[in-house]
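# Observations on the three-dimensional arrangement
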Amino acid sequence: MTPSPANLEVTDVGKSFGDNPVLVGVNLSVAAGSFTAILGPSGSGKTTLLRIIAGFDRADKGTVRIGGDVLDGPNEFVAPERRRVGYVSQNGSLFPHLTVEENVTFGLARSLRRGDDVTALIEAIDLGALARRFPHQLSGGQQQRVALARALAVNPRFILLDEPFASLDASARSDVRSDVRQILKRVGTTAVLVTHDQDEALSMADQVAVIRDAHIVQSATPHDIYQQPIDTGVAQFVGDANLIGGHLKAGVAVTVLGTLPVMKSPTVADGRVTVLVRPEQLALSRTDDVAGVRVEILETAFHGHDSLYRVAFSANSEEHLLTVRLQSGEQFTAGDLAHLRVNGPVKVWPAP
Amino acid sequence: MSSPAAPQRSRATSSTQILERGDSTSGHSTATSHVRTTRGPTALTVASTAVALILLGPLVFLLVESSGAGAHQIARLIWRPLTATLLWNTVRLTVVVTVLCAIIGTLTAWCVERTDLPLRRMWAVLIVIPFAIPDFVIAFGWASLFTWVHGFEGAVLVMTLAVYPLVYLPVAASFRNADPGLEEAARSLGLGRLSTFFRVTLAQVRGAIFGGCVLVSLVVLAEFGAFEILGFRTFTTEIFTEFQLSFNIATACALSLVLILLSGLILGGDWIIRPKGRTARTGPLAQQSLRRHELGAARWPVLLTLLALVALSLGVPIGASIYWMARGTKFALGGVSILNAGLHTAFFGACAGAIATVAAIPVALLAIRHDSLKARLMERSTYLVLAMPGLVIALALSYFAERYAGGFGYQTSALLILAYSILFFPLALVGVRASIIHIPVGFEEAARSLGQSRRRAFLRVTMRIAGPGLAASFCLVFLATITELTATLLLVPINVQTLSTQFWAYQQNLSYGQAAPFALVIVLIAAVPSYVISRYFDRLPARATAGQ
Ligand SMILES: Nc1ncnc2c1ncn2[C@@H]1O[C@H](COP(=O)(O)OP(=O)(O)O)[C@@H](O)[C@H]1O
Ligand SMILES: [Mg+2]
């Protein structure tokens, strides 16, 4: 099997259902062989976008190009069966009347259905022993692996995954996630995954595109999405966020938490700003620290690998609430007093 | 929900409705996720429109034809004392039979589903079987044994015994789905046994009772064979006489219009005043908490009553057939062997089964997959066929063939097969719908992304999964044709006999000994298997969704 991964260009795509605009001016570019996650709350149009790329629905406006070929444009429309774009849906859509093996070979010409490639593929997804089972005899995770193998068997240039892990229970999910990630890396196909789970998007993808209210608002590496979200909405969507007011002047932000260094780029004009402090940028200590703010612990939540604290303090006769994440180490209980410190540069936006 | 399919045509449409009702509740939650685009592909729309047009053809033809004759002429033919007599006969029979069926059907359903009646499973089957026996066989059984069974009283007796399962089936299904916790709640709120029964228990199944009553009245309006045997004059017997014996076609058309109007009123009334409240349980399954009412000492009278009901509805017709066969009265009447008649029946039935099933596919697909107003209207309009008694469809078709096709096609196999296909289309549609509705569109989309064309994806996935259901639909129509009498009498090719027309010929000739074997064969090869097959649809949703 030698897939030739292709890149994807979605340009200015729009789609409405009746009066309801589901996608407006969507732009997305995915490099050949890369793994992109489209992240958005449910109802934000993720499935609609994937279905347009797969060719199940037609865009009202804009173009979709894969490997330079226009698949959907004002004057072109390529039928889904001629796109060589694989599609794995949320529930796998395995054909219930066919065995695992028959499902995987469904898209192959009759002569190729018994080849070594097929055996290798079924082995690759670890389902050799289950080849003669029917879909309803498989677990959810196994069904998803079969659906992936079925899509890969026809050697697509591109593969689309629509919330493939959403229907799995939490314990199976992380295993299946890493299996899928490995299989896709090994095969080298370009992949686009849709999810509403920010953990999944950040941990699996090379690129994350955040979709909100019919628009793609930001697409960047997982690291940048997390550290440099384009606005407060994205900041809150991709993780816990403490947002505080401040004044920017000469590269530092003056806030109730003290004077904080600000990330170099992009440059923001001096003046009133909103400051993002991620919970793990905050540290608590019992020892008196001149630079810190005195806070009271309100609530604690122990997660094993780390702990979350809700803390409160007053400054300028206003009550402030913050979330702090600490690696295991010193433990605090509700009612304790502690000192709070900020580590590293912070992200700022001009205040609205 | 169990629903034997249907011998006579009117029966077929009835079980159609029973199936449909169950289907619409069970399919409800999943149906929406299967709808993606609103505008169906052109080929599907064109095919469904063609099917709808053919189905409505007889109705349109009748209307056009009578408006051609002039309103004055039609009014003169209708405005006669004869019409008043027929109307009085038809309406009073329909009302009395419907009320009796409502009472018998509801009480038996309650006994079987809600009490600790001994041998419940056995009763559940025995009570339903008369539904699968053609009305004309039940009428034959009674009238041939007891001379006093005739006229209005005879018709009430025979029709009630023949069609009460039409109320029993939906009401029993409704009792099974209703939440028994409500009765306990009512008792704890201070209601007595009787007021609980009337205010809560009956309220839970009133939609089903209503639906059953609509079916009963449609069947009674369309019945022909039984009334002919019992010598009771209704619209159908009169239309048949005018058309077939007196060649008085204008009168037959005029009377048909009145009959269609009556059925149409019932269908329309059903759509308008059917009780709207939801009767399904709202909470999760409460089945375990179902405590059956203890019959106690009432057990013996209840058992005796049920035994009597089964003896009257099942025992008499089958007993009579066996009796006459044993007596073996020999009247010579151009002997056509059972095998020969059976082969003709099978040929007509197989053709009609295939045509009706295939024709139902585009209509069902359009309605399920492309849920638009247009698609739903189209599907609904095909149900208008329900308002057309088999006799009227046959009359319209044969008249059309005679009048406009220059006699071409009249009394040919093709016309009979067309009549069967139209008659039993609603039955096929419900079967096809039930087979397709649980197949997500996602399967076909997955196939297309794997390189299959639209057509191949449809054939390799949807049709393969629907295959067993389509086969069952085919069988339902096939078996329904075996027990069809009225349209067959009008349209059967000259010199050809089917099982039902041969039975009829012997019966009319009072050769009971020769008619009896045909009655038994019809019951055995059509009624019983159709009961078994219709149970297939009970399990369909569970099977189809088991994989996902
Ligand atoms: N076929 C359709 N007809 C009408 N509205 C639709 C259709 N498909 C999706 N929508 C609407 O478009 C919006 C986005 O849907 P979808 O793309 O499925 O969102 P997501 O996958 O992000 O949850 C929703 O509001 C949904 O109701
Ligand atoms: Mg979605």
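Computed from a prediction, not measured in an experiment: that's the story for all the values here. (Residues numbered from 1 in each chain as written. Chains lettered and ligands numbered in written order. Predicted model: local features only at pLDDT ≥ 70, side-chain atom pairs only at ≥ 80, totals over all residues. Heavy atoms only, no water.)

## A few points about the overall build of chain B
- For chain B, the count of helices and strands is 25 helices and 0 strands.
- For chain B, the residues scored as buried account for 58% of the 548 residues in total.
- Counting only contacts in chain B whose residues sit at least 6 apart along the sequence, the fraction spanning at least 24 positions is 84%.
- Accessible area of chain B: about 22,200 Å², with a carbon and sulfur share of 68%. (Helix = DSSP H or I, 4+ residues; strand = E, 2+ residues; numbered from the N terminus. Buried < 20%, exposed > 50% of the residue type's maximum accessible area, 1.4 Å probe, protein only. Contact = heavy atoms within 4.5 Å. Areas by Shrake-Rupley, 256 points an atom, 1.4 Å probe, with all protein chains shown as cover.)

## Examining the sheet that holds strand 6 (residues 85–88) of chain A
All names here are of chain A.
- The 6 strands lie next to each other as 6-7-8-3-9-10, forming an open sheet whose pairing is mixed. The strands lining the two open edges of the sheet, one partner per strand, are strand 6 and strand 10 (215–220). Across the sheet, the axes of successive neighbouring strands diverge by a mean angle of 20°, strand direction being ignored.
- Along the sheet, helix 1 (residues 46–54) contacts strand 3 (35–39), strand 6, strand 7 (158–162), strand 8 (190–195), strand 9 (207–212) and strand 10; its crossing angle with strand 7, the most-contacted strand, is approximately 155°.
- Those strands touched by helix 4 (residues 140–153) are strand 6 and strand 7, and its axis lies near 170° from that of strand 6. (Pairing = 2+ DSSP bridges. Axes fitted to C-alpha atoms, helices over the stretch in contact; angles between N-to-C directions.)

## Focus: the confidence of the model for chain B
Residues and elements named next belong to chain B.
- Summarising the model, chain B shows a mean pLDDT of 79, and 82% of its residues fall at 70 or more.
- Every residue in residues 1–39 is under pLDDT 50, and counting partners more than four places away or in other chains gives 121 contacts.
- Across residues 331–335 the pLDDT falls below 50, and counting only partners more than four positions away or on other chains, this stretch makes 9 contacts in the model. (pLDDT = per-residue confidence, 0-100.)

## Some words on helix 11 (residues 193–222) of chain B
- Residue Arg206 of chain B marks the point of greatest curvature in helix 11 of chain B, where the axis turns by about 50°.
- With 21 of its 30 residues buried, helix 11 of chain B lies for the most part within the structure. (Bend = angle between axes of the 7 residues up to and from the residue.)

## Some thoughts on the side chain of Gln143 of chain A
- In this structure, Gln143 of chain A sits in helix 4.
- In terms of polar contacts, Gln143 of chain A uses its side chain to reach the backbone carbonyl oxygen of Pro135 of chain A, at 3.0 Å. (Polar contact = N/O pair within 3.5 Å; in protein donor to acceptor, adjacent residues only side chain to side chain.)

## Concerning the packing of helix 3 (residues 42–69) of chain B against helix 18 (residues 390–404) of chain B
Residues and elements named next belong to chain B.
- Across the interface, helix 3 lies against helix 18 with an axial gap of 9 Å and an inter-helix angle of 65°. In the packing of helix 3 onto helix 18, the handedness of the crossing is left-handed. On helix 18, the residues touching Pro58, Phe61, Leu62 and Glu65 of helix 3 are Val392, Ile393, Leu395, Ala396, Leu397, Tyr399, Phe400, Arg403 and Tyr404.
- Among the residues forming the contact of helix 3 with helix 18, the class breakdown is 11 nonpolar, no polar and 2 charged. (Left-handed = near helix turned anticlockwise from the far one by under 90°. Nonpolar A, V, L, I, M, F, W, Y, C, P; charged D, E, K, R; others polar.)

## Looking at the interface of chain A and chain B
- In this assembly, 24 residues from chain A lie in contact with 21 residues from chain B.
- Carbon and sulfur atoms make up 57% of the area that chain A and chain B hide from each other, which totals about 2,100 Å².
- Together, Glu81, His97 and Phe106 of chain A form the three largest contributors to the area buried by chain A at its contact with chain B, with a combined 29%.
- Counting across the chain A and chain B interface gives 2 salt bridges.
- Put simply, Glu445 of chain B and Arg51 of chain A hold a salt bridge, and the shortest N to O gap is 2.8 Å.
- Where chain A touches chain B, the interface holds 4 residue pairs in polar contact (both at pLDDT 80 or more).
- Of all the elements, helix 4 of chain A adds the most residues to the side of chain A that touches chain B, at 3 residues. (Buried area = accessible area lost by both parts, 1.4 Å probe. Salt bridge = Lys/Arg side-chain N within 4 Å of Asp/Glu carboxyl O.)

## Points about the pattern of salt bridges
Residues and elements named next belong to chain A.
- Taken as a whole and judged by the stated rule, the model has 21 salt bridges over all chains.
- Ionic pairing is found between Arg51 and Asp57, a salt bridge with its closest N-O pair at 3.1 Å.
- The class of Asp57 is buried, set by a relative accessible area of 5%.
- Among the salt bridges present, the one from Asp206 reaches Arg181, with a minimum N-O distance of 3.5 Å. With Asp206 in the loop between helix 6 (198–204) and strand 9 and Arg181 in helix 5 (residues 170–187), this pair connects stretches of sequence that are 25 residues apart.

## Let's talk about the sheet that holds strand 19 (residues 337–342) of chain A
Residue and element names in this part refer to chain A.
- The strand order 15-19-16-17-18 describes an open sheet built from 5 strands, whose pairing is antiparallel. The sheet is open, and its two borders are formed by strand 15 (282–285) and strand 18 (318–327), each paired with just one other strand. On average, each strand axis in the sheet is tilted by 45° relative to the strand beside it, whichever way the strands run.
- Both strand 16 (residues 293–302) and strand 17 (residues 306–315) contribute to a ladder of 6 bridges, which runs antiparallel.

## What about the pairing of strand 17 of chain A?
All names here are of chain A.
- With 8 of 10 residues buried, strand 17 is to be regarded as a mostly interior element.
- Between strand 16 and strand 17, which pair antiparallel in sequence order, lie 3 residues; one of them, Gly304, sits at a positive phi of approximately 85°.
- Relative to strand 18, strand 17 runs antiparallel, the two sharing 10 bridges. Opposite Ala312, over in strand 18, you have Leu321 as the bridge partner.
- Connecting strand 17 to the next strand, strand 18, in antiparallel fashion are 2 residues, including Asn316 with a positive phi near 50°.

## Quick notes on the packing of aromatic side chains
- Under the criterion given, the structure shown has 24 aromatic pairs over all chains.
- When the ring of Phe152 of chain B is compared with that of Phe232 of chain B, the centres are 5.9 Å apart and the planes differ by 50°; the resulting orientation is tilted. Of this pair, Phe152 of chain B sits in helix 8 (residues 151–163) while Phe232 of chain B sits in the loop between helix 12 (225–230) and helix 13 (235–245), and the two are 80 residues apart along the sequence. Neither Phe152 of chain B nor Phe232 of chain B differs from the other in exposure class; each is buried.
- Ring pairs connect the aromatic residues Phe136, Phe140, Tyr323, Trp324, Phe503 and Tyr512 of chain B, which therefore count as one cluster.
- Over the aromatic face of Phe152 of chain B sits the side chain of Arg92 of chain B, whose NZ or CZ is 4.1 Å from the ring centroid.
- The positively charged end of Arg460 of chain B is found above the aromatic ring belonging to Phe106 of chain A, 3.8 Å away from the centroid. (Phe/Tyr/Trp six-rings, centres within 6.5 Å; stacked < 30°, edge-to-face > 60°. Lys NZ or Arg CZ within 6 Å of the ring centre and 35° of its normal.)

## A look at helix 3 of chain B
All names here are of chain B.
- Over its 28 residues, helix 3 extends 38 Å from the first C-alpha to the last, a length consistent with the 40 Å expected when each residue adds 1.5 Å.
- At Gly57, helix 3 shows its maximal kink, close to 50°; a proline, Pro58, follows between one and four residues later.
- Gly70 sits one or two positions beyond helix 3 and adopts a positive phi of about 95°. (Expected span 1.5 Å × (residues − 1).)

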